[in-house]
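In case you want the letters, here they are:
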Amino acid sequence: MKYLLAMYLNPDVMANLSEEDMNGIMTGHQEFIRAIRESGEMISTQALGAVGDTSVVRVRGGLPAVTDGPFLETKEFLAGYYLVECASKERAVELAAMIPDAAVEGLGIEVREVVFFADAESEVPMA
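Scope of this entry: the structure provided in the associated data block.

About the criteria used
Residues numbered from 1 in each chain as written. Predicted model: local features only at pLDDT ≥ 70, side-chain atom pairs only at ≥ 80, totals over all residues. Heavy atoms only, no water. Core = buried A, V, L, I, M, F, W, Y, C linked by side-chain atoms within 4.5 Å. Buried < 20%, exposed > 50% of the residue type's maximum accessible area, 1.4 Å probe, protein only. Helix = DSSP H or I, 4+ residues; strand = E, 2+ residues; numbered from the N terminus. Phe/Tyr/Trp six-rings, centres within 6.5 Å; stacked < 30°, edge-to-face > 60°. Pairing = 2+ DSSP bridges. Axes fitted to C-alpha atoms, helices over the stretch in contact; angles between N-to-C directions. Contact = heavy atoms within 4.5 Å.

**Observations regarding the nonpolar core**
- In terms of nonpolar packing, the biggest core is built from 15 residues, with Tyr3, Leu5, Phe32, Tyr82, Val84, Leu95 and Ile99 touching the most fellow members.
- Going through the elements one at a time, β1 (2-9), α2 (19-39), β5 (77-85), α3 (89-98) and β6 (108-113) are the ones with two or more residues in this core.
- Leu17, Ile25, Val104 and Leu107 belong to the second-largest nonpolar core, a separate cluster that totals 6 residues.

Listed below in structure tokens is the structure:
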């Protein structure tokens, strides 16, 4: 089964971390990537750009309207994710707990099962 391990960033929390803590997070991600590659559970990972550079597109009356900023009024923003394939939700939760952000007060990792998956090469059945 595939799971999305979504990492949310709170800029206020991140601003209060020391340089040592930030370096520990980066090193922890490198170690996590190495571990899930070795276990064969890694599909991909992506880090997203700054929320200040975000655009939201809404189509109204057939015309796109583009606005700056995130869609939701929230303190936390999607910062990146890991897409993994593992045997169970319990294992996905174990993997999420290994991501260094999970140990930072005010941050967390969302674990969600992927119910539909397509990539650039696979044929997608149309209903």
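Having seen it, we continue.
**Notes on the packing of aromatic side chains**
- One pass over the full model with this rule turns up 1 aromatic pair.
- On the numbers, 4.8 Å between centres and 80 degrees between planes, the contact of Phe32 with Tyr82 is edge-to-face. Taken together, the residues Phe32 in helix α2 and Tyr82 in strand β5 connect sequence positions 50 residues apart.
- For Phe32, a relative accessible area of 2% puts it in the buried group.

**A word on the sheet that holds β1**
- Read from one edge of the open sheet, 4 strands run β2-β5-β1-β6, paired in antiparallel fashion. This sheet does not close on itself; its edge strands, each paired only once, are β2 (42-47) and β6. With strand direction ignored, the average angle separating the axes of adjacent strands in the sheet is 20 degrees.
- Pairing of β1 with β5, which is carried by 8 bridges, proceeds in the antiparallel orientation. The residue bridging Met7 from the neighbouring strand is Gly80, located in β5.
- Contacts between α2 and the sheet are confined to β1, β2 and β5, with β5 contributing the most and set at about 25 degrees to the helix.
- In the packing of α3 onto the sheet, contacts are made with β1, β5 and β6, and the angle to β1 comes to roughly 30 degrees.

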